[in-house]
Amino acid sequence: MVSITCPRCGKTSYNLNDVRERYCGFCHVFLDDMPNHQLDRLRAQEIAQLREDGARVSYALDCALQLVECLIAWAPEGTVLPEGVKTCKYRLDEAMRQIARKEAK
Ligand SMILES: [Zn+2]
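Residues numbered from 1 in each chain as written. Predicted model: local features only at pLDDT ≥ 70, side-chain atom pairs only at ≥ 80, totals over all residues. Heavy atoms only, no water.

Trainee: Any chance you could explain the overall build of the chain here in plain terms?
Mentor: Along the chain, the regular secondary structure elements total 3 helices and 4 strands. Of the regular secondary structure in the chain, the N- to C-terminal order runs β-β-α-β-β-α-α. Over its C-alpha atoms the chain spans a radius of gyration of 21 Å, topping by over 25% the 13 Å that the globule rule assigns to 105 residues. Of all 105 residues assigned to the chain, the portion counted as buried reaches 15%. Pairs at least 24 apart in sequence give 34% of the contacts found in the chain among residues at least 6 apart. Of the roughly 8200 Å² of accessible surface on the chain, 59% is carried by carbon and sulfur atoms. A gap of 3 Å separates the mean positions of the 15 positive and 15 negative side-chain charges of the chain. (Helix = DSSP H or I, 4+ residues; strand = E, 2+ residues; numbered from the N terminus. Rg over C-alpha atoms; globule rule 2.2 N^0.38 Å. Buried < 20%, exposed > 50% of the residue type's maximum accessible area, 1.4 Å probe, protein only. Contact = heavy atoms within 4.5 Å. Areas by Shrake-Rupley, 256 points an atom, 1.4 Å probe, with all protein chains shown as cover. Lys, Arg positive; Asp, Glu negative; His and termini not counted. Charge placed at Lys NZ, Arg CZ, Asp CG, Glu CD.)

Trainee: In this structure, what is going on with helix 2 (residues 36-74)? I would like to understand it.
Mentor: Helical periodicity: at 3.6 residues per turn, an α-helix aligns residues three or four positions apart in one direction. Here helix 2 spans 56 Å end to end across 39 residues, near enough to the 57 Å set by a 1.5 Å rise per residue. Of the positions making up helix 2, those classed as buried are Gln-38, Leu-39, Leu-42 and Leu-65. Turning to helix 2, the residues buried within the fold contact strand 1 (4-5) and helix 3 (83-104). (Expected span 1.5 Å × (residues − 1).)

Trainee: Please clarify how the pattern of salt bridges should be interpreted in this entry.
Mentor: Tallied over the full model, the rule gives 9 salt bridges. Glu-46 is paired through a salt bridge with Arg-22; the nearest N and O atoms lie 2.8 Å apart. In this pair, Glu-46 sits in helix 2 while Arg-22 sits in the loop between helix 1 (16-21) and strand 3 (23-24), placing the two residues 24 residues apart along the sequence. According to the relative accessible area criterion, Glu-46 is partly exposed, its value standing at 25%. (Salt bridge = Lys/Arg side-chain N within 4 Å of Asp/Glu carboxyl O.)

As structure tokens, then:
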């Protein structure tokens with residue numbers, strides 16, 4: 001979930017305007033106007049948040065991929081997959097290969 005945590009008061013806002021403007025409604029201050037040491041803390045929090053979100057997306061993708069593999073394996077022997085399914089599966093495999101290449105770097 002998109003949020004912003006103020007390094008000064010520690011409160012988190014899920015208000016999209018606050019997130020976009022990087023504004024703390026409790027301190028009534030734009031976070032970019034804060035002193036550098038507070039900003040560094042905020043950026044570290046944001047990076048940690050992005051990593052956490054990325055890990056969640058990655059897990060969900062992995063589950064989806066396993067589901068697709070199971071469904072395809074579940075189809076009776078000799079089943080011809082509809083063209084749309086084949087295309088989607090090809091795209092998914094290609095997207096996963098791109099992620100794997102990036103992770104290998
Ligand atoms: Zn604040």
